[in-house]
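# Coordinate inspection notes
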Protein chains: 2
Amino acid sequence: MTTSRPARPPQAVQGFERSEGEVIASFGTWATGTGPIYRRLADGIRKAIEGGSLPPGQRIPSERQLATVLRVSRTTVVAAYEALRDAGLVESRRGSGTRVAATARPTRSISDGRVPGGTGSSMYQRLIEGPGDLISLTCSAEGAVPELVAAFRELAGADLATAFDEPGYHPAGLPELRQAIADHLTATELPTTPDQILVTTGAHQALVLVSELYLRPGGTVLAESPSWPGCLDVLRSRGAHIVTVPLDDEGPDVRLMAEALADRRPDLVYLMPTFHNPTGVLMSVARRRRIAELCARHDVPVIEDNAYIVQTAAVAPGPSPDASRPLGEPRDLPRLLAAYAPRGAEVLSAGSLAKVIWAGLRMGWVRGPAEIVERLARRKALADLGSPVIDQMLAARLVPQLPRIEAARAPERERRLDRIEKLLRDRLPEWRWRRPYGGSGLWIELPGVDATEFSHVALRHGVEVVPGAVTDPSGAHDRFMRLPYTFTDEVLDLLVDRLARAWAEIGRHGPVDTRPVRVIV
Amino acid sequence: MTTSRPARPPQAVQGFERSEGEVIASFGTWATGTGPIYRRLADGIRKAIEGGSLPPGQRIPSERQLATVLRVSRTTVVAAYEALRDAGLVESRRGSGTRVAATARPTRSISDGRVPGGTGSSMYQRLIEGPGDLISLTCSAEGAVPELVAAFRELAGADLATAFDEPGYHPAGLPELRQAIADHLTATELPTTPDQILVTTGAHQALVLVSELYLRPGGTVLAESPSWPGCLDVLRSRGAHIVTVPLDDEGPDVRLMAEALADRRPDLVYLMPTFHNPTGVLMSVARRRRIAELCARHDVPVIEDNAYIVQTAAVAPGPSPDASRPLGEPRDLPRLLAAYAPRGAEVLSAGSLAKVIWAGLRMGWVRGPAEIVERLARRKALADLGSPVIDQMLAARLVPQLPRIEAARAPERERRLDRIEKLLRDRLPEWRWRRPYGGSGLWIELPGVDATEFSHVALRHGVEVVPGAVTDPSGAHDRFMRLPYTFTDEVLDLLVDRLARAWAEIGRHGPVDTRPVRVIV
C-alpha cells in the first residue's frame, strides 16, 4: 500500500525515448532458454534486433550496467556482446558505448507494434507467445465457470437456425445483451437503459474506444499511481501524457487529485474504484462521492474500470460509510462511481465478464450517457463492426445470473487466498502485503529489493513477475510486485517455491541499488 | 464498369472539412419518419446538431441548394429551417447563409465518433440503428449457413469444461484455428505456416491493424477507384491521404498504378483482387502477377482484402490466362495475389468467414510474413487482447469445410442473381450492369442521373442506397450504385419494386445536375 510513503505531487510522464528499461524488456524471456547463459542472452538481444524492437543505432546498456541489472556475471555479458559483435549486430566504440549496428538489418521502418514508451508490451508478448514452462504473473485469468458450459449447451438446444438468420452486425451490441446489462446495473442501484450500454471486446476495448473519443496526441490523462500497464499503454498509444495521483486505503488522494485537476486540466480521468489493479484497494463510498463531484466540478469525464469486481470475502463497512445506504449487508459492495455522480457529470463505467465468467468470452461493456454511447458505437463500428453474436447470446443468458455465480465462486477464491497467504508466511516471511477483499492478486512489498531486479532472477527460476515499476508512470512502487493467486493448488505451491528460491538467490548476492537517487521536482 | 470512362490520372483526396455532402449525410434517414415532410427534415437536422455531428457555427446548405439535392420543394426546406430557427438551433444571416447557432447546444468538444472527411459513417450508422422498415443496401450480409449450427451442436457435445479451462487470451489467435487457416491457404497453393496467420475480428479489423502498423498521419495509401467506404474510412481515420487508380475488367490500370507508385510513393497499397467491392471485378492472373511485381519493385507493402471471395458461377478463363496453370477447371479462382508475389515482397492477405459462413461470427484473418504477423499481434493485443475463443473453436471446425460449403451455396447465389437480373430487366430496363462471377452485388450505372440524388428519392421509397460518390475518393462514379442481391425472394421483389417507384419519380422531375463541372487537374 502506498500509505507507507509520503504522498508526492502528481507527475507528468512522456517517455517516447527507448529507455534502458525498455531495451532490457525487449530482450524478452531470454533467461528461460537452454544452453550457456551468455548464448541465451545473445539470442534474446538478436531477436529484439531482428524483430525491429531495437533499431539500428539504438544504444544498449554497458556490460557493467547490464550485468548489474540482470544479476549475471560480467563475463556472461562480455561473451554475449562479443558474439553479437562477431555477427555484425552490435558495434562498440570507445566513448559512445555499445549500439545496434547501422547495418544490423535493413528492417522496414514501420512500428514494431509496441507502444512507444509503453510498459505493457511484455505482458502482451507473454499472451502472444504463451507461458510455456513459465508461471507468468502477467495474467490473472482463470478457466471458465461451469455456468458457461451450461449456457452453451442450453443455447445449442435453442432454435439456432432462426437465431442466426440475420446479417450479424451489431456495433452497439446485441439488443438482448444491452437490455440484460442495463437490467443488471439497474439492480445494483444504478438505473440504466439499454441505449446507455455499448458492448465491447472486454473492458480493455471499452478503454480503447473511450480513449479514441476523448484523447488527442499531447492530451493529458489523470490516472492512479500505481495503475495497470496494459491500460496505461492504451492511453500512451493515443499520445497522451499520463499524470498520476497516489492511492491511500480509500482510493486516490482527493487533495492531490484536486490540485492535478486544477493545474493539469486533464482531458480524461481513468480510475479502478472496485478492487483496483494491482493494489486491490476498494474505493470507499465517501471517496467515490467526493471524486465524482470533483470531476464534475472540473467538467472532466471519468472512465471507471470495474473489470476486477470479484470478491473474496464480505466487504467490511468502510471507514466512511454511506449514511443514506449503510454497507452493513455482508458482501455488499459500494455502488459504481457513476451512481454517486451529480447530475450532468460525465462518468463512463466499464465492466467485464472476464473475471466472473471467462476472459475467453471477451465480453465487456461501457455504460454512459446515451449520446456518448452512440459516439462510442461509431468508433466500435470503425474498430471491428461489432463483437461476435454467439458470445453475446451466451452473455445475455449469463448476466442475469451474475450475483448468484459471483456468490458461488467467492468461497473458492477465499480458499486460494488463504492458501497463498499461508505459503508466503511460511516460505517468504519477510514479504509484506495486506489481505484484499476482492480482485485477484496480492500487492507485495519486497523489503529492500527492487522488484525489476528481482524479476530478472525470478525469470531464471521460471516465474515471470510484473514489477511495480511498470505499473507506475511516476516511477514509484519499484519495490512492489503483483502476485495473482488465481492458480490451482499445484501451481500455487510450485509458484511460491520458485519465488522462494529466487528470493534466496537474491538474498545471497545481497540487494544491489545501482539506480541514481530519484529527484522529485 | 469504369472502362466506359477515359482513364484519369490518380488524385489525392484529403477532405477534413465538413462538406455539403457530409452535412446532408449527417441528417440521417430523416425522410423515412412519419408526419409532414418539413417536420421530418427539421427533426433530422435537430438530431445531427444535438448529436454533435454539426457543431455550432457549421454552415448548412441554402434553402435552394438543399431543395435541389434532396428533391423536395423549396417550401419544405423553408418551413424546416423556420422551425429550427424558432427552436434557436440555426441562424440565418444575409450574406453568410444559414449556420448552426453558436448557442445551439454546448456539446463537449469531443469527436462525434465519425471519421473526419469519411463517407462510411452513414453505413455504420445503419448498422448501429438497424434497418427498421428500410431495405438497406449498405450491408450485403446474409444469415448463417446451416453448417454453423451443426458445428455449434457438435461443439456442445465436446468436453467443454476442459476446453474452457484456460485463461482465454490469445491475441494472435487460437493455435488450432491458425493451423486450420494455414492449411486452407496451403491447399489453395499459397504455402502458409500458422505463425503467418493472425486471427482478427473480421477482415475489417485486419485492415485496421495493418493501417496502424504502416500508416502515419499525412501518409499515403494507394487504393482502387472505386473502393469501399467502410475501408476508406479506416485509412482516413489514420490521417492518410488516399490516391486512387481506376479499374478495368482485369483489375487496376497497371500503367497508372506504376505512375502513382513512382510519383506519390505510397506507404501502403490497398486492393480487393477477388470480386472487388463494389464492382465485382475479378483481377486476372496476369494482372495479379504484374501488380505484385510492381509493388515489390517499389518496395511498397500491399494489403489484399479477399472478404468477398464467394462465387456465383464458374469463373470463365480470363483474357490473360496463367500459362503455368490454366484456369480450365470450372469454378477455379486465381490464387491469392500473395501467391504471385516475387520473393521478399511484402503482401498481406486478409480473409473472412463473413460471406461464406456468417458475418455474426466476426471471424477474419490476415496472412503475411511471420515477423510482420508478430507485430500485428501486438497491435491486436493493444486493440482487444484477442478475439473470443468460442468463435475461434467453431471457425477451426468450419475452415476445413470451406470448399464444400462454398460449392454448396453457389447455386443459390446464382439463382438470386438470376432473379434480380430478371426483375431489373423487367422494371428498370434503362439500368446498366455486368453480370459478375462472384461477390454479392451488382454495380449499377444509372443513365444520366446522379446516384446521390437518386438516394434521397429512394430513401423516401424505403430503400437506403449506397451511391457511387461515397465509394470513390476521386469523385468519379457519381452515376453508379451498389445493389446487393443477398436477400430473400420476397425482399428482392419488394426492393426492385421500391427502386422502380423511386426511379419513376425521379424520371417525372427529370434529372437535375446542379453540381459544378469537375475540373481534373
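Residues numbered from 1 in each chain as written. Chains lettered and ligands numbered in written order. Predicted model: local features only at pLDDT ≥ 70, side-chain atom pairs only at ≥ 80, totals over all residues. Heavy atoms only, no water.

Glancing now at the domain arrangement of chain A. All names here are of chain A. By the assigned domains, chain A splits into domain 1 (17-100) and domain 2 (121-143 + 409-509). Both sides of the domain 1 and domain 2 interface together cover about 940 Å² of buried area, and 62% of this is carbon and sulfur. Put simply, domain 1 and domain 2 have one salt bridge between them. Among the ionic pairs, E453 bridges to R71, the shortest N-O distance being 3.3 Å. Counting every contact that joins domain 1 to domain 2 gives three residue pairs in polar contact (both at pLDDT 80 or more). (Domains from an automatic or database assignment. Buried area = accessible area lost by both parts, 1.4 Å probe. Salt bridge = Lys/Arg side-chain N within 4 Å of Asp/Glu carboxyl O. Polar contact = N/O pair within 3.5 Å; in protein donor to acceptor, adjacent residues only side chain to side chain.)

It is worth spelling out unusual backbone geometry at this point. In this chain, S225 of chain B is followed by P226 of chain B through a cis amide linkage whose omega measures 5°. Tracing the backbone through its elements, the reader meets P226 of chain B in the loop between β7 (220-225) and α10 (229-237). Between N277 of chain B and the following residue, P278 of chain B, the backbone shows a cis peptide bond with an omega angle of 15°. Examined against the element boundaries, P278 of chain B turns out to sit in the loop between β10 (268-271) and α12 (285-297). The backbone phi angle of F275 of chain A is positive, close to 55°, even though this residue is not glycine. Note on placement: F275 of chain A falls in the loop between β10 (268-271) and α12 (285-297). Classification of F275 of chain A by relative accessible area gives buried; the value is 2%. One non-glycine residue, L385 of chain A, adopts positive backbone phi at about 65°. Inspection of the secondary structure assignment puts L385 of chain A in the loop between α14 (370-384) and α15 (389-398). (Helix = DSSP H or I, 4+ residues; strand = E, 2+ residues; numbered from the N terminus. Buried < 20%, exposed > 50% of the residue type's maximum accessible area, 1.4 Å probe, protein only.)

This part takes up the pattern of salt bridges. All names here are of chain A. Scanning the model with the defined rule gives 62 salt bridges over all chains in all. A salt bridge links E50 to R46, with the nearest nitrogen and oxygen atoms 3.2 Å apart. Of the two residues, E50 and R46 both sit in helix α2 (residues 37-50), four residues apart, roughly one turn of that helix. The exposure class of E50 is partly exposed, given its relative accessible area of 32%. When its relative accessible area of 26% is taken as the criterion, R46 is described as partly exposed.

In many reports, interface size means the accessible area that the parts give up when they come together. Counting residues at the interface gives 80 residues for chain A and 80 residues for chain B. Counting every contact that joins chain A to chain B gives zero salt bridges. Where chain A packs against chain B, one counts 26 residue pairs in polar contact (both at pLDDT 80 or more). Only α5 (121-129), α6 (146-156), α7 (160-163), α9 (202-214), α10 (229-237), α13 (354-358), α14 and α15 of chain A provide two or more residues apiece to the side of chain A that touches chain B. At eleven residues, α14 of chain A tops the list of elements feeding residues into the side of chain A that touches chain B. A per-class count over the side of chain A that touches chain B returns 40 nonpolar, 17 polar and 23 charged. (Contact = heavy atoms within 4.5 Å. Nonpolar A, V, L, I, M, F, W, Y, C, P; charged D, E, K, R; others polar.)

Let us now look at the relation of the copies chain A and chain B. Once chain A is rotated about the relating axis by 180° and shifted along it by 0.0 Å, it coincides with chain B to within an RMSD of 0.1 Å. In short, the pair behaves as if placed about a two-fold rotation axis. For chain A, the smallest separation between a C-alpha atom and the rotation axis is recorded for A156 of chain A, amounting to 3.2 Å. A shared interface surface links the copies, since 100% of the contact residues of chain A are contact residues in chain B too. (Least-squares fit on C-alpha atoms with pLDDT ≥ 70 in both.)

This part covers the pairing of strand β11 (residues 302-305) of chain B. Residues and elements named next belong to chain B. In β11, alternate side chains face the same way, and those of V302 and E304 on one face and I303 and D305 on the other are all buried. As for the winding sense of the linkage, the β-α-β connection from β10 through α12 to β11 is right-handed. In terms of strand pairing, β11 meets strand β12 (residues 347-352) through four bridges, oriented parallel. Note on β12: the bridge partner recorded for E304 is S349. (Right-handed = clockwise from strand over helix to strand, strands pointing away. Pairing = 2+ DSSP bridges.)

This part covers the packing of aromatic side chains. Two aromatic rings are characterised by how far apart their centres lie and by the angle between their planes. For the structure on display, the rule yields 13 aromatic pairs over all chains. Geometrically, the ring pair formed by F152 of chain A and F152 of chain B is stacked, given 4.4 Å between the ring centres and 10° between the ring planes. Placement of F152 of chain A in helix α6 and of F152 of chain B in helix α6 (residues 146-156) is noted, with the two residues assigned to different chains. Note on accessibility: F152 of chain A and F152 of chain B belong to one class, buried. Seen in terms of ring centroids, F454 of chain B and W503 of chain B are 5.7 Å apart; in terms of plane orientation they differ by 75°. Their pairing is edge-to-face. (Phe/Tyr/Trp six-rings, centres within 6.5 Å; stacked < 30°, edge-to-face > 60°.)

Here α14 of chain A crosses helix α5 (residues 121-129) of chain B at 115°, and the two axes come no closer than 10 Å. Relative to α5 of chain B, the element α14 of chain A is oriented roughly perpendicular. Here the hand of the crossing between α14 of chain A and α5 of chain B comes out right-handed. For the pair formed by α14 of chain A and α5 of chain B, the contact residues are E374, A377, R378, A381 and L382 of chain A on the first element and Y124, Q125, I128 and E129 of chain B on the second. (Axes fitted to C-alpha atoms, helices over the stretch in contact; angles between N-to-C directions. Parallel < 35°, antiparallel > 145°, perpendicular 65-115°, else oblique. Left-handed = near helix turned anticlockwise from the far one by under 90°.)

A word on the environment of G351 of chain A. Residue and element names in this part refer to chain A. Turning to its location among the elements, G351 is positioned in strand β12 (residues 347-352). In the structure, G351 is positioned 42 residues away from I309 in sequence and 8.3 Å away in space, judged by C-alpha atoms. Excluding its chain neighbours within four sequence positions, the residues that come into contact with G351 are A203, G364 and W365.

Residue and element names in this part refer to chain B. Tracing the backbone through its elements, the reader meets E176 in helix α8 (residues 175-187). Using a relative accessible area of 46% as the deciding quantity, one classes E176 as partly exposed. For the pair formed by E176 and V77, sequence separation is 99 residues and the distance between their alpha carbons is 59 Å. With residues up to four places along the chain from it excluded, the contact list for E176 reads M393 and A396.

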